[in-house]
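Single-letter residue listing:
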Amino acid sequence: MSDATQSRDLEAITTAPDRRPADLQPAWRQDFPIDWPLDQYVERRDFVKFLVLTSGALAVGQVAIVAQNWLRRRQGRPEMRRVAALADIPVGGSLLFRYPGEHDTNVLVRLGPEELVAYSQKCTHLSCAVIPEPDKNVLHCPCHEGFFDLRSGAPIAGPPRRPLPRITLEVRGGEVFATGVEYRTS
Amino acid sequence: MAKPDRLHFFIDPNRCIGCQSCVQACSECDTHRGESMIHLEFVDRAQSVQTVPVVCMHCEQPTCAEVCPADAIKRTADGVVQSARKPRCIACGNCVAACPFGVPEVYESRKLMMKCDMCYDRTSIGRKPMCATVCPSQALFYGTREEIDRLRPSSAPINQFQFGQQTITTQVFVMTPRALATRAARVDVTAALDEQPSARSVLLKMVPPDAAPVARQAVPADPFAGMEA
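Bringing the overall build of chain A into the picture now. Within chain A one finds four helices and 10 strands. The order of helices and strands in chain A, counted from the N terminus, is α-α-α-α-β-β-β-β-β-β-β-β-β-β. Here chain A holds 186 residues, and the buried ones make up 18% of them. In chain A, the share of contacts with a sequence separation of at least 24, taken over all contacts with a separation of at least 6, comes to 34%.

In structure tokens:
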């Protein structure tokens, strides 16, 4: 303590306009010193605090990810649910639906007579809603110009780095059913 | 690396011939990308050809840094007030309004304040600032106190200036007539603004050392004191 204070006082050459000593100055003056050496100076205690807090936050984050995965697996596959009649969706057309929860919006695109794809509508960058553009074969996120491949959901341009969660589909007797959500990391 | 303590900057406006050498030399420096940090001011253009080179005075309590809301203006341990840190400067222009000498300038296109930093790239390795190397009349002089005393026997350096209620001590010295400097401690700049020089006489309102800054009115010590947690 005394060493640190001493070396700092030697370098503290700027006196405040009221000419009172540094100890009597308000705290902000010590937080934002005018002197370069003081501005660059990082106390060992501050550095250790930074190290402990950031590595702690990283560790907590890892645990949170593991817990999230565990919870998701425990929930099991969501129930199968009817989405629409196949005849209602023209080839090249799309449809919005909610699955598995009320707040999970997804987009279904009919690429060909027998080819159907469905993805979560939340962009993997910042959760904006993606818009299917079947003529260009992409899903477009207008927020930051992110693009996903329409056939695989993989990111092809812009800030997103992870593919969109895929909704697995099944066609039974002319009806389209959503059977599950496939979260992917790459 | 730091500016050697024995070397000082002296401005002698009397010797300035308005040749713009310092302005050109300053603008050739790479560290501020072609802009001149020197303001060559005319004192009273209608009446006189007298010019004054204005470089940063490097105050001991830099007003520009005091008012900076972004904590961008820093003073190195050798007393040189540096240009605004680029990552911090928000180009608000507070420093421009606050500096009593009118030194800082905001470059709107760069969103950055830049000011004279006494050629820190040169002075920190013991060289002279650009302007002082080229000044033909040595109105801008960089050297030791002994040198200036020997070269300018009839002048004396002064580095205290009174602006209203603010007394400013600077790193950079201004040469004043020795007769005046011996009986006074600082120049009252605000009072000098109203003075009209008669003929060729130099009139400077000098404040004797006894009349210390006690004449200051009670200023609220810290307007934000109540906001401290």
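Further remarks concern the sheet that holds strand E6 (residues 138–141) of chain A. Strand-to-strand pairing in sheets goes through backbone hydrogen bonds, with the strands running parallel or antiparallel. Residues and elements named next belong to chain A. In space, the four strands of this open sheet follow the order E5-E6-E7-E8, with antiparallel pairing throughout. Of all strands in the sheet, those bounded by a partner on one side alone are strand E5 (131–133) and strand E8 (155–157). The average undirected angle you get between the axes of adjacent strands in this sheet is 35°. Direction of pairing for E6 relative to strand E7 (residues 146–149): antiparallel, over a ladder of four bridges. Bridge pairing in E7 links valine 138 to aspartate 149.

This next bit is on the interface of chain A and chain B. Contacts between the two partners involve 14 residues from chain A and, on the opposite side, 17 residues from chain B. Ranked by residue count, the leading element in the side of chain A that touches chain B is helix H3 (residues 36–40) of chain A, at three residues. Of the residues assigned to the side of chain A that touches chain B, the class counts are eight nonpolar, two polar and four charged.

The next point concerns the pairing of strand E8 (residues 166–177) of chain B. All names here are of chain B. As paired strands, strand E1 (residues 8–11) and E8 are joined by two bridges and run parallel to one another. In the strand pairing of E8, isoleucine 11 is matched with valine 174. The pairing of strand E7 (residues 155–163) with E8 spans eight bridges and is classified as antiparallel. Directly across from alanine 156, in E8, lies its bridge partner threonine 176. Between E7 and E8, which follow one another and run antiparallel, lie two residues, and glycine 164 among them has a positive phi close to 60°.

Turning to the pairing of strand E2 (residues 94–98) of chain A, a few remarks are in order. Bridge count for E2(A) against strand E3 (residues 105–110) of chain A is five bridges, and the pairing is antiparallel. Its bridge partner being in E3(A), Phe97(A) is matched across the sheet by Asn106(A).

Residues and elements named next belong to chain B. With respect to the helices, strands and loops of the structure, histidine 58 is situated in the loop between strand E3 (51–54) and helix H2 (63–67). C-alpha of histidine 58 to C-alpha of threonine 169: the two residues are 111 residues apart in sequence and 8.7 Å apart in space. Look past the residues within four positions of histidine 58 in its chain and what remains in contact with it is Gly79, Val80, Val81, Met118, Thr170, Gln171 and Val172.

Thresholds, definitions, all that
One numbering rule holds for all chains: residues counted from 1, following each sequence as written. Whichever chain is written first becomes A and whichever ligand is written first becomes 1, with later ones labelled in order. Per-residue local features are limited, in this predicted model, to residues with pLDDT of at least 70; the limit for side-chain atom pairs, both in listing and counting, is 80 or more; totals at the level of whole chains, interfaces and linings are taken over all residues. In DSSP terms, a helix is any run of H or I states spanning at least four residues, a strand is any run of E spanning at least two, and both are numbered starting from the N terminus. Remark: C-beta atoms are placed from the backbone, and a residue is labelled buried if 20 or more other C-beta atoms sit within 10 Å of its own, exposed if 12 or fewer do, or partly exposed between those counts. Contact definition: two residues whose C-beta atoms, as placed from backbone geometry, lie within 7 Å. Criterion used throughout: strands pair if DSSP finds at least two bridges between them. Here an angle of 0 to 180 degrees is reported between the N-to-C directions of two axes, which are lines fitted to C-alpha atoms, with helices fitted over the stretch in contact. Ten residues, namely Ala, Val, Leu, Ile, Met, Phe, Trp, Tyr, Cys and Pro, are considered nonpolar, four, namely Asp, Glu, Lys and Arg, are considered charged, and the remaining ones, Gly among them, are considered polar.

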